[in-house]
Amino acid sequence: MALTETQNKKGQPEVLPAALFGLCPRCGQKTLFAHLTRFSDTCRSCGLDFSQYNVGDGPAAFLTLIVGAVILGLALAVEANLHPPIWVHILLWVPLTVAAVTGSLRVSKAILLILEHRNDAREGSIEGGDGR
């Protein structure tokens, strides 16, 4: 099942557009983020409590490594082909790296929260939990 093919109730936005634009997974209003990568406490429109979802810091580590590897490859290719001075590398790669990590972190955190809401996932809840 693709990310855009999750069970969608009436009024809920699709996963990818909701993640890209920071839409509430319940009502579809643009209220998911309070700041660049920090979630709001609640939806200002429908009152959904975003603090009940535990996205964690997992996406940050993986995205930093992935984006770092891609940027390093690009920087090495530019150096091998164009041989620019070091200040060009600094002006080019530092802002690009920060923008790529921040943008991808925002989207990945939103996807995890939206899927957690859609699947009604909760921390430590295993069905048929007999303790084993």
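Thresholds, definitions, all that
- Residues numbered from 1 in each chain as written.
- Predicted model: local features only at pLDDT ≥ 70, side-chain atom pairs only at ≥ 80, totals over all residues.
- Heavy atoms only, no water.
- Helix = DSSP H or I, 4+ residues; strand = E, 2+ residues; numbered from the N terminus.
- Buried < 20%, exposed > 50% of the residue type's maximum accessible area, 1.4 Å probe, protein only.
- Contact = heavy atoms within 4.5 Å.
- Areas by Shrake-Rupley, 256 points an atom, 1.4 Å probe, with all protein chains shown as cover.
- Expected span 1.5 Å × (residues − 1).
- Phe/Tyr/Trp six-rings, centres within 6.5 Å; stacked < 30°, edge-to-face > 60°.
- Lys NZ or Arg CZ within 6 Å of the ring centre and 35° of its normal.
- Disulfide = S-S within 2.5 Å.
- pLDDT = per-residue confidence, 0-100.
- Core = buried A, V, L, I, M, F, W, Y, C linked by side-chain atoms within 4.5 Å.

A look at the overall build of the protein
If you tally the helices and strands in the protein, you get three helices and zero strands. In sequence order, the secondary structure elements of the protein are arranged as α-α-α. The 132 residues of the protein split such that 30% are buried. Excluding contacts between residues fewer than 6 apart, the proportion of contacts in the protein whose partners are at least 24 apart in sequence is 52%. If you sum the accessible surface of the protein, you get close to 8,700 Å²; carbon and sulfur atoms cover 62% of it.

Here we look at the side chain of glutamate 116
Structurally, glutamate 116 is set in helix α3 (residues 86-118). Since its relative accessible area comes to 14%, glutamate 116 is described here as buried.

Considering helix α2 (residues 58-82)
In this model, α2 (25 residues) spans 36 Å end to end at C-alpha, consistent with the 36 Å of a helix rising 1.5 Å per residue. Within α2 the residues assigned to the buried category are Pro59, Leu63, Val67, Ile71 and Ala75. Next to the buried residues of α2 lie α3. Within two residues after α2, histidine 83 carries a phi angle of roughly 50°, on the positive side.

Describing the packing of aromatic side chains
The relative placement of two aromatic rings is captured by the distance of their centres and the angle of their planes. Summed over the entire model, instances satisfying the criterion amount to one aromatic pair. Between phenylalanine 33 and phenylalanine 39 the ring centres are 5.2 Å apart and the planes differ by 20°, which places this aromatic pair in the stacked class. Each member of the pair, phenylalanine 33 together with phenylalanine 39, is buried. If you follow arginine 106 out to its NZ or CZ, it ends over the ring of phenylalanine 33, 4.0 Å from the centre. Above the plane of the ring of phenylalanine 39 lies lysine 109, whose end atom (NZ or CZ) is 5.2 Å from the centre.

Structural notes on the state of the cysteines
With the rule as written, the count across this model stands at zero disulfides. Among the cysteines around cysteine 24, which has no disulfide bond, cysteine 46 carries the closest sulfur, lying 3.7 Å off. Cysteine 43 supplies the cysteine sulfur nearest to cysteine 27, a cysteine that is in no disulfide, at a spacing of 3.6 Å. On the accessibility criterion, cysteine 27 (23% relative accessible area) is partly exposed.

A word on the confidence of the model for the protein
Confidence in the prediction for the protein averages 86 pLDDT; 84% of positions are at 70 or higher. Contacts of residues 1-6 to residues separated by more than four positions or lying in other chains number ten contacts, the stretch itself having pLDDT below 50.

Observations regarding the nonpolar core
Within the largest apolar cluster, 17 residues are counted, with the highest numbers of intra-cluster contacts made by Leu32, Phe39, Leu48, Phe50 and Leu113. The leading source of residues in this core is α3, at four residues. Membership of the second largest hydrophobic core comes to five residues, among which are Val67, Ala75, Trp93 and Val101.

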